[in-house]
Amino acid sequence: MGFADQRFNVNLSILFTELPLLERPAAAAAAGFTAVELWWPWVDSPTPDQSELDALRKAVEDAGVQLTGLNFYAGRLPGPDRGALSIPGEESERFRANIDVAAGFAASLGCTALNALYGNRVQGVDPAEQDALALENLVLAARAADRIGAILLIEALNQPESPAYPLVSAPAAVGVVDKVNDTTGLGNARFLMDLYHLSMNGEDLPQAIERYAARTGHVQIADNPGRGAPGTGSLPLEDLLDQLNKAGYDGWVGLEYKPGDRPSAEAFDWLPR
Ligand SMILES: O=C(O)C(=O)CO
């Protein structure tokens, strides 16, 4: 086993961002990838014009790549926000308005994984109120995902870079996964295991894999320190992915790292060809 045995997809919201959005799918294809994933690309709009959705769909189709993952609207990301679904008021409404738009767009491209970022804590708002709202919205999202045959992903981020985000450990995110599944009875909520975020939180990665591989619906990687390509830091990513495979995870592994001081197309030299 090793990197050559993994199915990697490129995250087009962190790699190839030097290119306009509509050029990124073709750039990923030119770099040899068959699959891509995206954060919600319209940070100011949960409900963009149909023409914008159509243009992105065409760019993905024309490039001949599969969209394997899509984040729901998450506020300004990149930027200070980390999701909208637990933020009372306008942001929650924007998330709700986005649910069917994101699910419809995913379905139109055969994408079967939707990632719902939880949202930051808001000063002056009771965390219990935010958690209750989050559960309501995640249930709506899980049902929408189920209607298109998709899973709903819930991700742990890292505390140093996302200090107001409450899900900063694998157990915290998996706890939410379990609550959503218990409420819907659908079983389609899954953990998004981002090894970079977990390592930034100081988690024991082999132990997290052993405990949570069976509830993991998607994996993302970057090296640590630096959130760069594998080999630029000190994480034993090849071994960790092997361990995930042995534990039964055979899904996509998202490359969600920064290319560094080079064009993204040159940031894949660690990959065996
Ligand atoms: O914000 C991040 O780092 C993410 O991984 C979003 O999916």
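Conventions and cut-offs
- Residues numbered from 1 in each chain as written.
- Predicted model: local features only at pLDDT ≥ 70, side-chain atom pairs only at ≥ 80, totals over all residues.
- Heavy atoms only, no water.
- UniProt positions renumbered as here; feature names shortened; annotations may be inferred.
- Helix = DSSP H or I, 4+ residues; strand = E, 2+ residues; numbered from the N terminus.
- Phe/Tyr/Trp six-rings, centres within 6.5 Å; stacked < 30°, edge-to-face > 60°.
- Buried < 20%, exposed > 50% of the residue type's maximum accessible area, 1.4 Å probe, protein only.
- Lys NZ or Arg CZ within 6 Å of the ring centre and 35° of its normal.
- Contact = heavy atoms within 4.5 Å.
- 1 Å grid on protein atoms, 1.4 Å probe; cavity = no way out; pocket = protein on both sides within 12 Å on 5 of 7 lines; lining within 4 Å.
- Near = heavy atom within 4 Å.
- Polar contact = N/O pair within 3.5 Å; in protein donor to acceptor, adjacent residues only side chain to side chain.
- Areas by Shrake-Rupley, 256 points an atom, 1.4 Å probe, with all protein chains shown as cover.

Examining the UniProt feature "domain: Xylose isomerase-like TIM barrel" (unreviewed entry) in the protein
- The UniProt record marks residues 26–271 with the feature "domain: Xylose isomerase-like TIM barrel" (unreviewed entry), using the residue numbering of this structure.
- Segment residues 26–271 splits into 40% helix and 13% strand. End C-alpha atoms: 19 Å apart.

Focus: the packing of aromatic side chains
- Applying the stated criterion to the full structure yields 11 aromatic pairs.
- Judged by centre distance (6.4 Å) and plane angle (85 degrees), the rings of W42 and F105 are edge-to-face. Linking W42 in the loop between β2 (35–38) and α2 (50–63) with F105 in helix α3 (residues 90–108), this pair joins segments that are 63 residues apart in sequence.
- Residue W42 is classed as buried on the basis of its relative accessible area, which comes to 10%.
- Here F191 and Y212 contribute two aromatic rings whose centre-to-centre distance is 6.2 Å and whose plane-to-plane angle is 70 degrees, an arrangement assigned as edge-to-face. Taken as a pair, F191 in strand β6 (residues 189–194) and Y212 in helix α7 (residues 205–212) lie far apart in primary sequence, 21 residues in all.
- In this arrangement the basic side chain of R7 is found over the ring face of W252, its NZ or CZ atom lying 4.7 Å from the centre.

Comments concerning helix α8 (residues 237–246)
- By the burial criterion, the buried members of α8 are L237, L240, L241, D242 and L244.
- Where α8 is buried, its residues contact β1 (8–11), β6, α6 (195–200), α7, β7 (216–221) and β8 (253–255).

Examining the UniProt feature "active site" (unreviewed entry) in the protein
- Mapped onto this numbering, the UniProt entry gives "active site" (unreviewed entry) at E155 and E256. For this annotated set, covering 102 residues, all C-alpha atoms fall within 13.2 Å of each other, a compact arrangement in space. When only the residues just named are considered, the largest pocket is lined by E155 and E256.
- Residue position: E155 is located in strand β5 (residues 151–155).
- Leave out the neighbours within four places in its chain, and E155 touches N115, L117, Y165, L167, A173, L192, D194, H197, Q220 and E256.

Let's talk about the site of the ligand
- Around the ligand, a shell composed of W39, N71, L77, N115, L117, E155, L157, H197, R227 and E256 is seen.
- W39 places a polar side-chain atom, nitrogen or oxygen, 3.4 Å from an oxygen atom of the ligand.
- Take H197: an N or O atom from its side chain is 3.0 Å from an oxygen atom of the ligand.
- Contact with the protein chains covers 96% of the free accessible surface of the ligand, which is 230 Å².

Observations concerning the side chain of N158
- Residue placement: N158 occurs in the loop between β5 and α5 (170–184).
- A polar atom in the side chain of N158 sits 2.7 Å from the side chain of E161.
- At 2.9 Å, the side chain of N158 forms a polar contact with the side chain of H197.
- Not counting the four nearest positions on each side in its chain, N158 is found in contact with V168, Y196, H197, M200 and N201.

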